[in-house]
Amino acid sequence: GLYYVKGVYPSHIGENEWEFFTGTVVAGEDSATIKFPKWASPERKEAFSIFCNTFPKITSVLQLENDGLWKPWAESLQCEKDFPTQAKTKLTPFQRLLVVQVLRPDRLESAMTQFVCEALRERNVSPPPISLQRMFEDETIASEPILFITGPGSDPSKELQEFADSQIGRAKYHELAMGGGQNDVALRMMKECAKDGDWLCLKNLHLVTAWLPSLEKELKALKPDKNFRLWLTTEPHPKFPAILLQSSLKIAHEAPPGIKKNLQRTFQAFSSSLPPGVDPNFMQVIFLLAWLHAIIQERRTYIPQGWTKFYEFSYGDLRAAEGILKELTESSGGGKFQLETAYGLLENAVYGGRIDNEYDLSFIHI
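Visitor: Would you mind going over the sheet that holds strand S4 (residues 229-234) in detail, with residue names and values included?
Guide: Spatially, the five strands line up as an open sheet ordered S2-S3-S4-S1-S5, and their pairing is parallel. Looking along the sheet, the strands with just one partner apiece sit at the ends: strand S2 (173-177) and strand S5 (249-253). Neighbour to neighbour, the strand axes of the sheet diverge by 20° on average, direction disregarded. Pairing between strand S1 (residues 146-150) and S5: five bridges, direction parallel. Of the residues in S5, the one forming a bridge with Phe 148 is Ile 251. Helix-sheet contacts for helix H9 (residues 132-139) involve S1, strand S3 (199-203), S4 and S5, and the interaxial angle to S5 is about 170°.

In structure tokens:
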């Protein structure tokens with residue numbers, strides 16, 4: 001978002017401000033004469049000195065030596081929104097972002113999001129959770145493939161299978177993983193599904209890019225039933241045919257950014273699959289599971305502090321964990337079950353099964 005704003009609205013960013021933000025500004029004069037604010041964290045002294053040397057005019061109007069003015073800001077949980085009025089009117093939005101970067105880096109991500117929203121005049125820059133139901137009803141047709149472009153650790157297969165079960169039934173949904181000499185089988189299945197009005201999902205097309213022109217040719221020759229849908233999944237690949245991209249309905253599928261968006265996607269998926277009248281106790285367990293899943297996925301944003309490497313925790317893990325908790329609840333007759341059993345299964349069989357070192361496993365120990 002920041003790069004987009006910089007390219008479209010360059011006037012929003014002043015001289016040397018982008019260079020300072022990206023860390024390409026060279027440290028200036030000796031900082032011994034610079035008075036460091038008492039209310040600021042001592043760890044920010046070096047960054048503050050570079051800021052003062054780079055932007056002396058900005059520093060002079062901020063009154064940073066005024067503890068009564070700035071200490072509440074330093075202690076604020078949302079400092080990017082709580083700038084002192086005297087300072088806010090004298091700074092541009094990007095300059096406020098720089099002040100947060102220098103003195104409150106713990107709030108930098110939120111400040112970046114706020115700056116982009118203000119510059120683009122949008123309330124939110126995060127995409128809403130994908131609704132397969134809405135997309136299917138409003139945007140798909142039999143003659144146009146639906147192409148999921150997936151990110152690391154993101155696999156729409158389980159969600160798509162559940163959606164197909166609710167729309168056309170499991171018997172009319174077929175899927176095939178490409179890459180194991182399945183090219184001829186895929187073409188035959190596509191022709192049969194197009195004739196019968198079934199759905200077909202071809203997964204991992206990035207493994208067979210050399211074969212995709214043949215798929216394009218067969219697609220153009222098809223005269224499909226109106227109920228036919230062809231779903232495709234691929235990771236980004238430089239040799240993916242441009243013609244197939246242009247002729248498909250493209251959907252970027254990746255883990256939602258942030259805990260809130262992750263929870264929203266989980267609740268959206270579960271709302272259609274849980275029957276009415278579910279035990280409230282079980283719903284509390286599902287909420288805790290959704291929260292755990294969101295945190296586990298969000299920690300991947302902070303490698304190596306969150307995890308030492310990227311683990312492909314996916315929606316399939318969430319559903320597997322839900323199935324375990326459901327079995328435990330039913331086996332206990334709807335009453336309380338042994339939490340230690342649930343902890344052990346989630347830690348060792350579901351999420352912990354993807355982890356390959358003791359250090360990361362210690363984080364998931366419940």
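Still more ground to cover, so stick around.
Visitor: I'd like a description of helix H3 (residues 45-54), backed by residues and values.
Guide: Buried within H3 are the following residues: Phe 48, Ser 49, Phe 51, Cys 52 and Thr 54. Residues of H3 that are buried in the fold lie against helix H2 (17-21), helix H4 (56-62) and helix H7 (93-103).

Visitor: Give me the nonpolar core: which residues, what numbers.
Guide: The biggest cluster of nonpolar side chains holds 37 residues, and the ones touching the most others in it are Trp 70, Trp 73 and Leu 103. Residue assignment for this core shows that the elements contributing at least two residues are helix H1 (2-8), H2, H3, H4, helix H5 (67-75), H7 and helix H8 (108-120). Looking at this core element by element, the count peaks at seven residues for H7. Not counting chain neighbours up to four residues away, the residues in contact with Trp 70 comprise Trp 39, Leu 62, Gln 63, Leu 64, Phe 83, Pro 84 and Ala 87. Of all hydrophobic cores here, the second largest spans 23 residues; its members include Met 189, Leu 232, Phe 240 and Leu 244.

Visitor: Tell me what's going on with the pairing of S4, and back it up with residues and numbers.
Guide: When a strand is regular, its side chains alternate between the sheet's two faces. Most of S4 sits inside the fold, with six of its six residues counted as buried. Where S3 and S4 come together, four bridges link them in parallel fashion. When the bridges of S4 are listed, Leu 200 appears paired with Leu 230. Note that the unit made of S3, helix H12 (residues 212-221) and S4 has a crossover that is right-handed.

What counts, and at which threshold
The residue numbering used here restarts from 1 in each chain and proceeds along that chain's sequence as written. Since the coordinates come from a predicted model, pLDDT governs what is reported: local features require at least 70, and pairs of side-chain atoms require 80 or more to be given and counted, while whole-chain, interface and lining totals use all residues. Side-chain measures were taken over the full set of non-hydrogen atoms in the model, leaving aside hydrogen atoms and water. Paired strands, in this sense, are two strands between which DSSP finds at least two bridges. Secondary structure is summarised from DSSP: a helix means a run of H or I of at least four residues, a strand means a run of E of at least two, and numbering begins at the N terminus for each. Note on geometry: axes are C-alpha line fits, over the in-contact stretch for helices, and angles between N-to-C directions span 0 to 180 degrees. Contacts: residue pairs with any heavy atoms within 4.5 Å of one another. Exposure is judged per residue with a 1.4 Å probe applied to protein chains only, and the accessible area is read against the type maximum: over 50% gives exposed, under 20% gives buried, and values in between give partly exposed. Buried residues of nine kinds, namely Ala, Val, Leu, Ile, Met, Phe, Trp, Tyr and Cys, make up a nonpolar core once their side-chain atoms join them within 4.5 Å. Call a crossover right-handed when, viewed with both strands pointing away from you, the route from the first strand across the helix to the second goes clockwise.

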